[in-house]
Amino acid sequence: MTDHEIKINFKAYNSIDDLDKPAHDLCLEAVKALKNSHSPYSKFRVGAALLLQSGKILHGSNQENVAYPSGLCAERVALFNWGANYPDDPIIAMAVTAHTDEFEILQPVASCGSCLQVLAEYEKKQGKPIEIILFCAKGPVWVMKGVETFLPFLFFEKRLIS
Ligand code: THU
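Just so you know, these numbers come straight off a predicted model, no measurement behind them.

Q: I tried to follow the site of the ligand on my own but got confused; where do I start?
A: Every residue lining the ligand is accounted for by Ser42, Phe44, Val46, Asn62, Glu64, Cys73, Ala74, Glu75, Ser111 and Cys112. Between the ligand and Asn62 there is a distance of 2.9 Å, counted from an oxygen atom to a side-chain nitrogen or oxygen. Between the ligand and Glu64, the relevant distance is 2.5 Å, taken from an oxygen atom to a side-chain nitrogen or oxygen of the residue. In the complex, 75% of the free accessible area of the ligand, which totals 370 Å², lies under the protein chains. Taken together, the residues of the shell around the ligand sort by class into five nonpolar, three polar and two charged.

Q: When you look at the nonpolar core in this model, what are you seeing that I'm missing?
A: For soluble globular proteins, nonpolar side chains are generally found buried alongside one another. With 27 residues, the main nonpolar core has Leu50, Leu79, Met94, Leu119 and Ile132 as its most contacted residues. With five residues, helix α3 (residues 113-126) is the single largest residue contributor to this core. What Ile132 contacts, discounting residues up to four positions off in sequence, is Met94, Leu116, Leu119, Trp142, Val143, Met144, Gly146, Val147 and Phe150.

Q: I keep staring at the sheet that holds strand β4 (residues 91-99) and nothing clicks. Help me out?
A: Remark on secondary structure: sheet strands pair via backbone hydrogen bonds, oriented parallel or antiparallel. Strand order across the open sheet formed by six strands is β1-β6-β5-β4-β2-β3, with mixed pairing between neighbours. Of all strands in the sheet, those with a lone pairing partner are β1 (11-13) and β3 (57-61), marking the two edges. The mean inter-strand angle of the sheet, taken between neighbouring strand axes irrespective of direction, is 15 degrees. Direction of pairing for strand β2 (residues 45-52) relative to β3: antiparallel, over a ladder of five bridges. Its bridge partner being in β3, Ala48 is matched across the sheet by Gly60.

Parameters at a glance
- Residues numbered from 1 in each chain as written.
- Predicted model: local features only at pLDDT ≥ 70, side-chain atom pairs only at ≥ 80, totals over all residues.
- Heavy atoms only, no water.
- Near = heavy atom within 4 Å.
- Polar contact = N/O pair within 3.5 Å; in protein donor to acceptor, adjacent residues only side chain to side chain.
- Areas by Shrake-Rupley, 256 points an atom, 1.4 Å probe, with all protein chains shown as cover.
- Nonpolar A, V, L, I, M, F, W, Y, C, P; charged D, E, K, R; others polar.
- Core = buried A, V, L, I, M, F, W, Y, C linked by side-chain atoms within 4.5 Å.
- Buried < 20%, exposed > 50% of the residue type's maximum accessible area, 1.4 Å probe, protein only.
- Helix = DSSP H or I, 4+ residues; strand = E, 2+ residues; numbered from the N terminus.
- Contact = heavy atoms within 4.5 Å.
- Pairing = 2+ DSSP bridges.
- Axes fitted to C-alpha atoms, helices over the stretch in contact; angles between N-to-C directions.

Note that every value here comes from positions in space, so none of it alone points to a role or purpose.
Next up, the structure:
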């Protein structure tokens, strides 16, 4: 038996004002994305913004459905839009934020495992890491270099990819 330990590195900032301009501006885009959240069931709005190499910004927001499992997270709405429409324009960074009128969010919302798995697939596909920026209005900002930092045991099997 051997014991193993995995370290996760990320940077924490007090506010988005402490980020460099591209990251700061991307956070503002994630806030804009909150507007189109369709979340009448959870009342929990999530906004995601992708910065592409060309400078193009893509928005995503959570889209819920009365048939609950049919809904989709903000991150995957943005990422599948990228995969379907801009796959040759690499993703540099993804900013994610959340808002609800029901309670205060004091810590960034971490993307769910399914969204990280989708992010991992595209990171591998484009061969470049995607910076992940998680933030909320009244809490710190967390910045990770790429999805493997976040999900070290992500599922990947290159023999399944043609
Ligand atoms: N949600 C996201 O949009 N992203 C995540 O990574 C986690 C959760 C959404 C799904 C649902 O609409 C709401 O947040 C409450 O779970």
